[in-house]
Amino acid sequence: AQNSSADSFAPPQTTEIVTADLENRFIEIYNRVNPAVVHIFVFDGDGFLLGTGSGFVIDQTGNIVTNNHVVTDGDEFEIVFASGERRLATLMGTDVDSDLAVVQVETLPEEVEPVPLGDSGELQVGQFVIAIGNPFGEAGSMSIGVISGLGRTIESQRVVAGGNFSIPQVIQTDAAINPGNSGGPLLNLNGEVIGVNSAILSTSGANSGVGFSIPVNAVRNIAPALIAEGHYVYPYLGIRMWPQAFTLRQLERLSLPPNGVFVTGVVEDTPAEEAGLVGHNLSISFTPDGDYITAINRQPVRNSDELLSYLVFETTVGETVELTVIRNGEVIKLPLTLGERP
């Protein structure tokens with residue numbers, strides 16, 4: 001039978017979606033980065049294995065970034081490199097709120113070069129990413145996917161004053177991340193770390209196409225403090241924030257713009273109380289009887305996640321910031337000197 005006129009104008013079909021150049025890039029990145037990705041074995045004081053995870057070398061002095069939940073409760077840490085060489089490691093510092101930790105080995109194998117850090121602030125949904133780690137104990141496994149979402153938040157494992165802190169600017173990816181990948185790098189096509197693989201959203205405990213990585217800009221801020229001091233001190237306002245979005249109808253009733261952060265409470269003896277912030281009591285009356293934060297240092301904040309993100313990535317303890325708030329229909333500027341998160 002002859003082709004119809006419709007068939008004659010159809011585009012040529014091809015299965016060569018992944019080009020040879022892209023394939024070669026994946027191979028080159030794996031060969032370059034995998035020697036610096038390690039398998040971490042965590043033991044208790046009696047030498048019993050508590051669990052395993054992944055990590056990656058960030059400098060020539062043997063510092064290795066991993067997840068806090070990988071090393072939690074561990075007393076002894078054995079590092080296995082891709083070459084099979086083994087080292088004992090010292091725990092340098094941990095931070096439960098970012099789920100980051102640093103361990104250090106005294107010497108590195110000759111072939112190991114630190115993995116360069118990228119910039120998680122420049123990421124875009126849809127770009128290719130690569131995860132390298134040790135899922136289910138399968139050392140040196142590589143998976144490929146894309147960034148599925150940006151600006152996600154996941155809750156810290158630490159609860160303070162009745163609420164959880166959240167990790168801001170978390171990267172969502174469909175690259176296969178499974179138990180054992182925790183602490184391994186998420187890489188861009190330049191072979192730079194853009195995230196630290198931390199969690200999966202799954203009811204079975206296995207990958208379901210939704211994985212989360214701690215942004216590398218958090219590593220830039222936090223890892224040096226973990227190495228030098230053993231811990232990281234976060235800037236702190238001392239407020240409670242309304243956790244969910246209001247409808248436009250509700251905001252209209254309050255005569256407030258659609259983007260901002262409700263202050264629902266002010267903690268005693270904190271920078272917020274000293275600065276004079278006032279909390280809404282929305283559980284009693286749905287009236288604008290407190291502060292509504294719309295910007296910090298003139299940077300607009302649309303919700304509590306954006307305010308938290310700015311504090312974590314753009315400020316330091318002791319710095320004085322300017323909050324723009326709406327109070328009783330009036331826009332006011334409040335200076336606030338940031339304290340230390342308890």
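Anything mentioned here points back to the structure above.
All of the points below concern the structure found in this document. Not measured: the values here are computed from a predicted model.

What follows covers the pairing of strand β3 (residues 63-66). Side-chain positions along a regular strand alternate between the two faces of the sheet. Residues Asn 63 and Val 65 point to one face of β3 and Ile 64 and Thr 66 to the other, with burial holding for every one of them. When strand β2 (residues 49-57) meets β3, the two strands line up antiparallel, connected through two bridges. Residue pairing in the sheet places Phe 56 in a bridge with Val 65 of β3. Taking the residues that link successive antiparallel strands as the turn, the β2-β3 hairpin has five residues, and the phi of Gly 62 there is positive, at about 90 degrees. Here four bridges tie β3 to strand β6 (residues 100-105), and the two strands are oriented antiparallel to one another. Across the sheet, the residue bridging to Thr 66 is Ala 101, located in β6.

A few words now on the nonpolar core. Val 57, Val 65, Ile 79, Phe 81, Leu 100 and Leu 187 are the most contacted members of the largest nonpolar core, which has 51 residues in total. Examining the composition of this core, we find that seven residues originate from one element, helix α4 (residues 216-229), more than from any other. Once residues lying within four places of it in the same chain are set aside, the contact partners of Leu 187 are Ile 29, Val 33, Val 115, Phe 128, Val 129, Ile 130, Ile 132, Glu 192, Val 193 and Ile 194. Leu 237, Tyr 310, Val 321 and Val 325 belong to the second largest nonpolar core, which has 20 residues in total.

Let us now look at helix α2 (residues 20-33). Taking 1.5 Å of rise per residue, 14 residues should cover 20 Å, and α2 covers 20 Å from first to last C-alpha, within 8% of that figure. Among all positions of α2, only Leu 22, Phe 26, Ile 29 and Val 33 are buried. The buried residues of α2 occupy one face: seen down the axis, they fall within an arc of 70 degrees. Exposed residues pointing more than 90 degrees away from the buried face of α2 are listed as Asp 21 and Asn 31.

This brings us to α4. The end-to-end C-alpha distance of α4, which contains 14 residues, comes to 20 Å, matching closely the 20 Å that a straight helix rising 1.5 Å per residue would cover. At Ile 222, α4 shows its maximal bend, which comes to roughly 35 degrees, and the proline Pro 224 appears one to four places after that position. Among the residues of α4, Val 216, Asn 217, Ala 218, Val 219, Ile 222, Ala 223, Ala 225 and Leu 226 are the ones counted as buried. Count one or two residues on from α4 and you reach Gly 230, which has phi positive near 90 degrees.

This part takes up a negative patch on the surface. Taken together, the side chains of Asp 46, Asp 73, Asp 75 and Glu 76 define an acidic patch exposed on the protein surface. With respect to the secondary-structure elements, Asp 46 resides in the loop between β1 (37-43) and β2. Classification of Asp 46 as exposed rests on a relative accessible area of 65%.

Note: strands within a sheet are paired through backbone hydrogen bonds, in either parallel or antiparallel orientation. With respect to topology, six strands assemble into a closed barrel ordered β1-β2-β3-β6-β5-β4, the strand pairing being antiparallel. Each strand of the sheet is rotated relative to its neighbour by a mean of 40 degrees, with strand direction disregarded. With six bridges connecting them, strand β5 (residues 86-95) and β6 associate as antiparallel partners. Residue pairing across strands places Asp 95 opposite Leu 100, the latter belonging to β6. Where α4 meets the sheet, it contacts β3, β5 and β6, and its direction lies at approximately 50 degrees from that of β6.

Our focus in this paragraph is the pattern of salt bridges. What the rule picks out here adds up to six salt bridges. Arg 341 is the partner of Asp 97 in a salt bridge, and the nearest nitrogen-oxygen pair spans 3.0 Å. On the criterion of sequence distance, the pair formed by Asp 97 in the loop between β5 and β6 and Arg 341 in the segment after β20 (339-340) is long-range, its members being 244 residues apart. Judged on exposure class, the residue Asp 97 and its partner Arg 341 are both buried.

Let us look at the environment of Val 196. Among the secondary structure elements, Val 196 is positioned in strand β11 (residues 193-200). Linking Val 196 and Leu 100, residues 96 residues apart in sequence, is a C-alpha distance of 8.4 Å.

Parameters at a glance
Residues numbered from 1 in each chain as written. Predicted model: local features only at pLDDT ≥ 70, side-chain atom pairs only at ≥ 80, totals over all residues. Heavy atoms only, no water. Buried < 20%, exposed > 50% of the residue type's maximum accessible area, 1.4 Å probe, protein only. Helix = DSSP H or I, 4+ residues; strand = E, 2+ residues; numbered from the N terminus. Pairing = 2+ DSSP bridges. Core = buried A, V, L, I, M, F, W, Y, C linked by side-chain atoms within 4.5 Å. Contact = heavy atoms within 4.5 Å. Expected span 1.5 Å × (residues − 1). Arc of directions from axis to C-beta. Bend = angle between axes of the 7 residues up to and from the residue. Patch = residues over 30% accessible without salt bridge, like charges linked within 9 Å, V, L, I, M, F, W, Y side chains within 5 Å. Areas by Shrake-Rupley, 256 points an atom, 1.4 Å probe, with all protein chains shown as cover. Salt bridge = Lys/Arg side-chain N within 4 Å of Asp/Glu carboxyl O. Lys, Arg positive; Asp, Glu negative; His and termini not counted. Charge placed at Lys NZ, Arg CZ, Asp CG, Glu CD. Axes fitted to C-alpha atoms, helices over the stretch in contact; angles between N-to-C directions.

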